[in-house]
Amino acid sequence: MARLSSLASVADTRAVLDRFGLSTKKSFGQHFLINDGVVERICNLAELSQTDRVVEVGPGIGTLTEALLKRSGEVVSIERDTDLIEVLEETCAPFSDTFSLISADALDVRAGELPFAPNKLVSNLPYAVAATIVLDFFEHFESLESATIMVQAEVADRMSAAPGSKNYGAYTVKLRLFAKPTGKFSVAESNFFPPPRVKSTVIRLDRIAEERSSELTQATMLMADAAFENRRKTIANSMKRYFERTDPSLDASSLLPELFERSGIDPKVRGEVLSVSDFLKLGEAYASLVRA
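Only a predicted model underlies this, so the values are computations on that prediction, with no experimental measurement involved.

J.: Explain the sheet that holds strand S9 (residues 200-207) here, please?
T.: Hydrogen bonds between backbone groups are what pair the strands of a sheet, and the pairing can be parallel or antiparallel. Sheet architecture is open: seven strands sit in the order S4-S3-S2-S5-S6-S9-S7, paired in mixed fashion. The sheet is open, and its two borders are formed by strand S4 (99-103) and strand S7 (179-187), each paired with just one other strand. Neighbouring strand axes in the sheet, compared pairwise and without regard to direction, differ in orientation by 20° on average. Here five bridges tie strand S2 (residues 53-57) to strand S3 (residues 74-79), and the two strands are oriented parallel to one another. By the bridge assignment, Val-54 is partnered in S3 with Val-75. In the packing of helix H2 (residues 36-46) onto the sheet, the strands contacted are strand S5 (120-124), strand S6 (146-152), S7 and S9, and the crossing angle to S7 comes to about 165°. Running over the sheet, helix H6 (residues 153-160) touches S6, S7 and S9 and is turned about 135° from S6.

This is the structure in structure tokens:
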């Protein structure tokens, strides 16, 4: 049975790296997939079809990229390691009509710089910046309908956490303004070269179709940061400390009581018990106060 990716093995990965005189770089968090079965599971979870336009971050030598090109209509990959550009141009050469490559830091790339508007993000992400990339892409790439990404297991736990759980925090609230988890599976360390020292999870997030002003979104994200400034304290104390640290000119002692009254949120609770809808109430109240 033919493999979905011809690069998904230790031997093939080593052969490509050796041919170009390269080795994996810890500074870039490079751990290449070497199991074709995992590659296929990623593609299956993403539910790829020929109508999909995919953006990939951190393609490495093109292991997952090859599979994405076979399963979707178009792929644009964003790679920060300039040493891998020549590698990708070779490994993805058979798909030149449907493959685009951008040499850049993904966090510096905006939607208008891509050759098309992607509807799916599918990636084995660099773990150090994975959480930031996912939130950034959902926020700034409005065409994005879903993200199916490989991340550190604890990051996946934060992405899928429920209110009241230990992994629920400001990041969870911010991400949930844009997307919700719809599936995931664990990936053992032995499926990578070199093996990472952390557990890995592939998680799918689907965009939430909800009309909301940018002002409300930003205000709600601010409320999440403020409420979790110190998660062991009440939101009143946590927010007071947050505003004293970030904006000393703001009179938090007068702002906060009005904020809680307008939102109907009990100032004595901790941020971890509040739902996303509660944070939206806080965001709406904050936006109206700042606007007044």
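J.: Explain the packing of H2 against helix H3 (residues 63-71) here, please?
T.: Helix-helix packing: each pair is described by the crossing angle between the helix axes and the interaxial distance. Direction vectors running N to C along H2 and H3 enclose 45°, while the axes themselves pass 10 Å from each other. Here H2 lies oblique to H3, going by the angle between them. For the element pair H2 and H3, the recorded crossing hand is right-handed. Every residue of H3 that contacts H2 at Val-39, Glu-40, Ile-42, Cys-43 and Asn-44 is listed here: Thr-63, Leu-64, Ala-67, Leu-68 and Arg-71.

J.: What am I meant to see in the packing of aromatic side chains here?
T.: The relation between two aromatic rings is expressed through the spacing of the ring centres and the mutual angle of the planes. Under the counting rule described, the total for this entry stands at five aromatic pairs. On the basis of an interplanar angle of 75° and a centroid distance of 6.2 Å, the ring pair of Tyr-168 and Phe-228 is categorised as edge-to-face. Here Tyr-168 is found in the loop between H6 and helix H7 (170-176), whereas its partner Phe-228 is found in the loop between helix H8 (214-227) and helix H9 (235-246), with 60 residues between them in sequence. One exposure class covers both Tyr-168 and Phe-228, and it is buried. Considering the side-chain rings of Phe-228 and Phe-279, the 6.0 Å spacing of their centres and the 25° angle between planes classify their relative orientation as stacked. One end of the pair, Phe-228, is in the loop between H8 and H9; the other, Phe-279, is in helix H11 (residues 276-291), with 51 residues separating them in the sequence. For the pair shown, Phe-228 and Phe-279 are each scored as buried. A network of ring pairs unites the aromatic residues Tyr-168, Phe-228 and Phe-279 as a single cluster. Residue placement shows Arg-41 over the ring face of Phe-185; its charged tip is 3.9 Å from the ring centre.

Rules used throughout
- Residues numbered from 1 in each chain as written.
- Predicted model: local features only at pLDDT ≥ 70, side-chain atom pairs only at ≥ 80, totals over all residues.
- Heavy atoms only, no water.
- Pairing = 2+ DSSP bridges.
- Helix = DSSP H or I, 4+ residues; strand = E, 2+ residues; numbered from the N terminus.
- Axes fitted to C-alpha atoms, helices over the stretch in contact; angles between N-to-C directions.
- Contact = heavy atoms within 4.5 Å.
- Parallel < 35°, antiparallel > 145°, perpendicular 65-115°, else oblique.
- Left-handed = near helix turned anticlockwise from the far one by under 90°.
- Phe/Tyr/Trp six-rings, centres within 6.5 Å; stacked < 30°, edge-to-face > 60°.
- Buried < 20%, exposed > 50% of the residue type's maximum accessible area, 1.4 Å probe, protein only.
- Lys NZ or Arg CZ within 6 Å of the ring centre and 35° of its normal.

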